[in-house]
Amino acid sequence: MRRKARIPDSPLPQRDGVDAVRVRLPLEGAWGTVREHLVERLSGAGAGVVDGMFGDGLFVGADGRAVAPDAPYVPGMFVWFHRELPDEVPVPFPLEVVYRDEHIVIVDKPHFLATTPRGSHVAETALARLRRELGIETLGAAHRLDRLTAGLVLFTVRPGERGAYQTLFRDRRVHKEYEAVAPYDAGLALPRTVRSRILKERGVPAAREVEGEVNAVSRVELLDRRADGLGRYRLMPSTGQTHQLRVHMSALGVPILGDPLYPEVADPVPAGDFRRPLQLLARALEFTDPVTGVEHAFRSGRVLEAWASYETWRSA
């Protein structure tokens, strides 16, 4: 059995809390030089951009030295470079640290802030912002929340321990509670457990329920209701499919307020429009620390705006 190659440490420092991009050259291929492969692999940037980066010495090997464009192709070789950071509108809400020790950092993430760099959200993410604000370059996310969802997120301090915390989520050994504001339906019998199969296809904004083996399970409870037709719900997922709670609430006929995807995909809002946040909050995280054995129980201190003042949220 082929031994898995050890990944060398990045020879490039972080930039604005963002790691350099690491590329491993495929073990099989007909490329003659490193440049030929990178031009093909980074085709979206264009050959001129790649050649310009080679000319500026921006592609480096494990030794930190610039890779020449005519360097021969070596299967399995690692190459690093810094991506050009996109122009991002700063998310004007604080990222609150709830708990911090030498192993983990728990934060209460605001709406509109992505958890980790992805797509057009890179430096304006919880991970990059925390690395800058706390000065912890090794910080990594143990799990993710949707960009539009607020609430508790667990980050790890030591890379060697990250797998132990990620395993907690994979093995469903974390108790998670969410809170949502959605329409109240007197005919909807609650509490109930929703079970379905959810499919999320790459490039398609919304996930959907399909026939097949169940892969998404959510407990839905009504916490409170108001005369204006709104309900406040407790949601407890025991699986972690993309958009799971949003899909299940929409399928029940009570889509979460402010959801731009369910039940229908709305037109994109302009960058910097932080009005009417999705009324979904990761309220609680409870778990036994796999490194220290400490029993942790954290709760978000945020209040969903549509429940506190629906008219303020609606008229935003």
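What you are looking at is a predicted structure, and each value in this text was computed from that prediction instead of being measured. (Residues numbered from 1 in each chain as written. Predicted model: local features only at pLDDT ≥ 70, side-chain atom pairs only at ≥ 80, totals over all residues. Heavy atoms only, no water.)

### Digging into the packing of aromatic side chains
Here's step 1: According to the stated counting rule, one finds ten aromatic pairs in the structure shown.
Here's step 2: For the pair Phe 112 and Phe 274, a centre-to-centre distance of 5.3 Å together with 70° between the ring planes defines the contact as edge-to-face. Of this pair, Phe 112 sits in the loop between β4 (104-109) and α3 (126-134) while Phe 274 sits in the loop between α5 (244-251) and β12 (280-288), placing them 162 residues apart in sequence.
Here's step 3: Of the residues examined, Phe 112 reaches a relative accessible area of 9% and is grouped as buried. (Phe/Tyr/Trp six-rings, centres within 6.5 Å; stacked < 30°, edge-to-face > 60°. Helix = DSSP H or I, 4+ residues; strand = E, 2+ residues; numbered from the N terminus. Buried < 20%, exposed > 50% of the residue type's maximum accessible area, 1.4 Å probe, protein only.)

### Looking at helix α1 (residues 34-41)
Here's step 1: Considered for burial, the residues of α1 that qualify are Val 34, His 37 and Leu 38. One face of α1 carries all of its buried residues, which in axial projection span an arc of 95°.
Here's step 2: In this structure, the buried side of α1 is in contact with β1 (21-24), α2 (47-55) and β2 (78-81). (Arc of directions from axis to C-beta. Contact = heavy atoms within 4.5 Å.)

### As for the pairing of strand β8 (residues 192-199)
Looking down a regular strand, the side chains alternate between one sheet face and the other.
Here's step 1: Judged from the five bridges that link them, β8 and strand β10 (residues 216-225) form a sheet pairing that is antiparallel. Paired with Thr 193 across the strands is Arg 219, a residue of β10.
Here's step 2: Pairing of β8 with strand β9 (residues 208-210) involves three bridges; the strand directions are antiparallel. Bridge pairing links Arg 197 to Val 210 in β9. (Pairing = 2+ DSSP bridges.)

### Examining the environment of Arg 65
Here's step 1: Here Arg 65 is to be found in the loop between α2 and β2.
Here's step 2: For Arg 65, a relative accessible area of 63% puts it in the exposed group.
Here's step 3: Placed 54 residues apart in sequence, Arg 65 and Pro 11 show a C-alpha to C-alpha distance of 8.7 Å.
Here's step 4: Those residues within four positions of Arg 65 in sequence are excluded, and the remaining contacts are Phe 59 and Val 60.

### Focus on the side chain of His 37
Here's step 1: Locating His 37 in the fold gives a position in helix α1.
Here's step 2: Not counting the four nearest positions on each side in its chain, His 37 is found in contact with Leu 25, Pro 26, Trp 31 and Tyr 73.

### A short note on the packing of α1 against α2
Here's step 1: Their axes nearest at 9 Å, the elements α1 and α2 cross at an angle of 135°. By the criterion of interaxial angle, the relationship of α1 to α2 is oblique. Regarding α1 and α2, the two cross each other, and that crossing is right-handed. Residues Val 34, Arg 35, Leu 38 and Val 39 of α1 pack against Ala 47, Val 50, Asp 51 and Phe 54 of α2.
Here's step 2: The residue makeup of the contact of α1 with α2, split by class, is six nonpolar, no polar and two charged. (Axes fitted to C-alpha atoms, helices over the stretch in contact; angles between N-to-C directions. Parallel < 35°, antiparallel > 145°, perpendicular 65-115°, else oblique. Left-handed = near helix turned anticlockwise from the far one by under 90°. Nonpolar A, V, L, I, M, F, W, Y, C, P; charged D, E, K, R; others polar.)

### Details of the pattern of salt bridges
Here's step 1: Applying the stated rule across the entire model yields 19 salt bridges.
Here's step 2: The residue Glu 179 makes a salt bridge to Arg 232 at a minimum N-O spacing of 3.4 Å. Linking Glu 179 in strand β7 (residues 175-183) with Arg 232 in strand β11 (residues 230-237), this pair joins segments that are 53 residues apart in sequence.
Here's step 3: Its relative accessible area of 8% is what places Glu 179 among the buried residues.
Here's step 4: Measuring nitrogen to oxygen at the nearest pair gives 2.8 Å for the salt bridge that ties Arg 246 to Asp 259. Pair noted here: Arg 246 is in helix α5 and Asp 259 is in the loop between α5 and β12, with a separation of 13 residues, a long-range link.
Here's step 5: By relative accessible area, Arg 246 is classed as buried at 3%.
Here's step 6: Residue Asp 259 is classed as buried on the basis of its relative accessible area of 11%. (Salt bridge = Lys/Arg side-chain N within 4 Å of Asp/Glu carboxyl O.)

### Concerning a positive patch on the surface
Here's step 1: A cluster of like positive charges, contributed by Arg 118, Arg 144, Lys 200 and Arg 202, occupies part of the molecular surface.
Here's step 2: Among the structural elements, Lys 200 can be located in the loop between β8 and β9.
Here's step 3: Overall, Lys 200 belongs to the partly exposed group, its relative accessible area being 32%. (Patch = residues over 30% accessible without salt bridge, like charges linked within 9 Å, V, L, I, M, F, W, Y side chains within 5 Å. Areas by Shrake-Rupley, 256 points an atom, 1.4 Å probe, with all protein chains shown as cover. Lys, Arg positive; Asp, Glu negative; His and termini not counted. Charge placed at Lys NZ, Arg CZ, Asp CG, Glu CD.)

### Some details on unusual backbone geometry
If a residue is not glycine, its phi is most likely negative; likewise, a peptide bond is most likely trans.
Here's step 1: Here the bond from Leu 190 into Pro 191 is cis, since omega is 5°, no more than 30 degrees from zero.
Here's step 2: By secondary structure assignment, the location of Pro 191 is in the loop between β7 and β8.
Here's step 3: The phi angle at Arg 172 is positive, at roughly 60°, despite the residue not being glycine.
Here's step 4: Here Arg 172 is to be found in the loop between α4 (159-170) and β7.

### Looking at the pairing of β12
Here's step 1: Taken across its nine residues, β12 has seven buried, putting it largely inside the fold.
Here's step 2: Two elements, β12 and strand β13 (residues 295-299), share five bridges in a ladder whose sense is antiparallel. What sits directly across from Leu 285, in β13, is Phe 298.
Here's step 3: The antiparallel hairpin formed by β12 and β13 contains six residues in its connecting segment, where Gly 293 sits at a positive phi of about 80°.

Read these as spatial facts, not as claims about activity.
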